[in-house]
Amino acid sequence: MTTVNTGAPEAAGEPTGQQDAAAVRPSRPSRTARLRRGIGMVAVIATGAGVIGLGTGVSPAAAEPAPAHAGWDGSRYWFKNSQGQWRWTSHYSVYAARTGGGSASAAKATGRSSGIKQGWDGSRYWFRNSKGEWRWTSHYDVYLDRTGGGSSSGSAGSGHADDSVAEDRDVETAVQFALSQLGVPFRRAGNGPDGYDCSGLVQQSFRRGGIELPRVANDQYAATTPIRASQLRRGDLLFWSPDGTARGIQHVAIYLGDNRYVEAARPGTNVRTSAISSGYYPAFMGRP
């Protein structure tokens, strides 16, 4: 039998087309490997997004000097958490919740206690305990409880204002509410809680003290008893008028004592405390 060579390769040792495809096809990762890769990607994304937080209204004191004491420092409320770490918040309600309402604190033995007078000093209330030691609190109701509702003498002002505490406890409630709104943004026609204009802050603050005032600044002045600068005390209202008339009043703020006041100033700012200055002096003053 004659054998004819056709030129086709022998079957043995020569791969077929199907075998070639199988040889070059990459192997598919196992299900376990795919799962591990997915977990890794989620971890990377979570780390980049910064998903760890501290809770609403509370910020760490990282990279900031520790305060001298708990309470209001002029711009925020400071307190220590359960681990003894300093934290701060601009919201009085948060501060009160974290400190149990704020108890009286001791005066530092730094030599300054010799100049302390009972009452409001512009930032806190001072009084003596049963041992004759100076203590302070930022809460008017605590001060009244520890002093039996006694009178107070404020720190000296500029010589033209009485910086004593508000005589009416309802007025002090209004002051404390206004201070608790520090940091809330200005909003035209804002009545809170997420924004205020000047008269909206005043109206809502005094409403918390059970005192109803009109909504507009010049109407609020008409609803108060006009007073002079020498009669000013904590809780009185300050009014500014570009044309110097009561009808032209366009701004109102709550006096705090020590020549300072709390206000919702203008768009682009937050509720803040400011100082009375000769360049921006209130035209009118009134007592609610």
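In the block above lies the structure referred to throughout.
Note that the structure is a prediction, hence the values are computed from the model and not measured.

**Notes on the overall build of the protein chain**
- In terms of helices and strands, the protein chain carries seven helices and 14 strands.
- Buried positions account for 39% of the 288 residues belonging to the protein chain.

**Looking at the side chain of Arg87**
- Tracing the sequence through the fold places Arg87 in strand 4 (residues 86-89).
- In terms of polar contacts, Arg87 uses its side chain to reach the side chain of Gln85, at 3.2 Å.

**Topic: the sheet that holds strand 10 (residues 237-240)**
- Within the open sheet, the six strands sit side by side as 9-14-10-11-12-13. Their pairing is antiparallel. Only two strands of the sheet have a single partner each, and these edge strands are strand 9 (225-226) and strand 13 (272-275).
- As judged from the four bridges shared by strand 12 (residues 260-263) and strand 13, these two strands associate in the antiparallel manner. Bridge assignment links Arg260 to a residue of strand 13, and that residue is Ala275.
- Sitting on the sheet, helix 6 (residues 198-208) touches strand 10, strand 11 (251-257) and strand 12, and the angle it makes with strand 11 is about 50°.

**What to know about the pattern of salt bridges**
- Tallied over the full model, the rule gives six salt bridges.
- For Glu212, the salt bridge identified is with Arg207, shortest N-O distance 3.3 Å.
- You can call Arg207 partly exposed: its relative accessible area is 35%.
- Between Asp236 and Arg287 there is a salt bridge; the shortest N-O distance is 2.8 Å. Highlighted residues: Asp236 in the loop between strand 9 and strand 10 and Arg287 in strand 14 (residues 284-287), separated in sequence by 51 residues.

**Observations concerning helix 6**
- With nine of 11 residues buried, helix 6 lies mostly within the body of the structure.
- Cys198, Ser199, Gly200, Leu201, Val202, Gln203, Gln204, Ser205 and Phe206 are the residues of helix 6 that are buried.
- Once helix 6 finishes, Gly210 follows within two positions and takes phi at roughly 80°, a positive value.

**Looking at the pairing of strand 8 (residues 134-137)**
- The pairing of strand 7 (residues 125-128) with strand 8 spans four bridges and is classified as antiparallel. Along strand 8, the bridge assignment pairs Trp126 with Trp136.
- Remark: five residues form the turn of the hairpin made by strand 7 and strand 8, two consecutive strands paired antiparallel; Gly132 in that turn has positive phi of roughly 80°.

**Concerning the nonpolar core**
- One finds Phe206, Leu237, Ile254, Val262 and Val271 to be the most contacted residues of the largest nonpolar core, which totals 31 residues.
- Those elements giving two or more residues to this core turn out to be strand 3 (77-80), helix 5 (169-180), helix 6, helix 7 (217-222), strand 10 and strand 11.
- Residue contributions to this core peak at six residues, all from helix 5.
- Among all residues touching Phe206, those that are not within four sequence positions of it are Val171, Ala174, Ile211, Leu213, Gly235, Leu237, Ile254 and Pro288.
- Counting residues in hydrophobic clusters, the runner-up holds 10 residues, among them Ala229, Leu232, Leu238 and Tyr255.

**Side note on the pairing of strand 3**
- Pairing of strand 3 with strand 4, which is carried by four bridges, proceeds in the antiparallel orientation. For Phe79, the partnering residue across the bridge sits in strand 4 and is Arg87.
- Between the end of strand 3 and the start of strand 4, which pair antiparallel, lie five residues, with Gly84 showing a positive phi angle near 80°.

**Some points on the side chain of Gln220**
- Following the sequence through the fold, Gln220 ends up in helix 7.
- Judged by its relative accessible area of 0%, Gln220 is buried.
- Polar side-chain contacts of Gln220 include one of 2.9 Å to the backbone oxygen of Pro214.
- Apart from the residues within four sequence positions on either side, Gln220 is in contact with Ser199, Val202, Gln203, Leu213, Pro214, Arg215, Phe239 and Val252.

Reading the values: rules and limits
- Residues numbered from 1 in each chain as written.
- Predicted model: local features only at pLDDT ≥ 70, side-chain atom pairs only at ≥ 80, totals over all residues.
- Heavy atoms only, no water.
- Helix = DSSP H or I, 4+ residues; strand = E, 2+ residues; numbered from the N terminus.
- Buried < 20%, exposed > 50% of the residue type's maximum accessible area, 1.4 Å probe, protein only.
- Polar contact = N/O pair within 3.5 Å; in protein donor to acceptor, adjacent residues only side chain to side chain.
- Pairing = 2+ DSSP bridges.
- Contact = heavy atoms within 4.5 Å.
- Axes fitted to C-alpha atoms, helices over the stretch in contact; angles between N-to-C directions.
- Salt bridge = Lys/Arg side-chain N within 4 Å of Asp/Glu carboxyl O.
- Core = buried A, V, L, I, M, F, W, Y, C linked by side-chain atoms within 4.5 Å.

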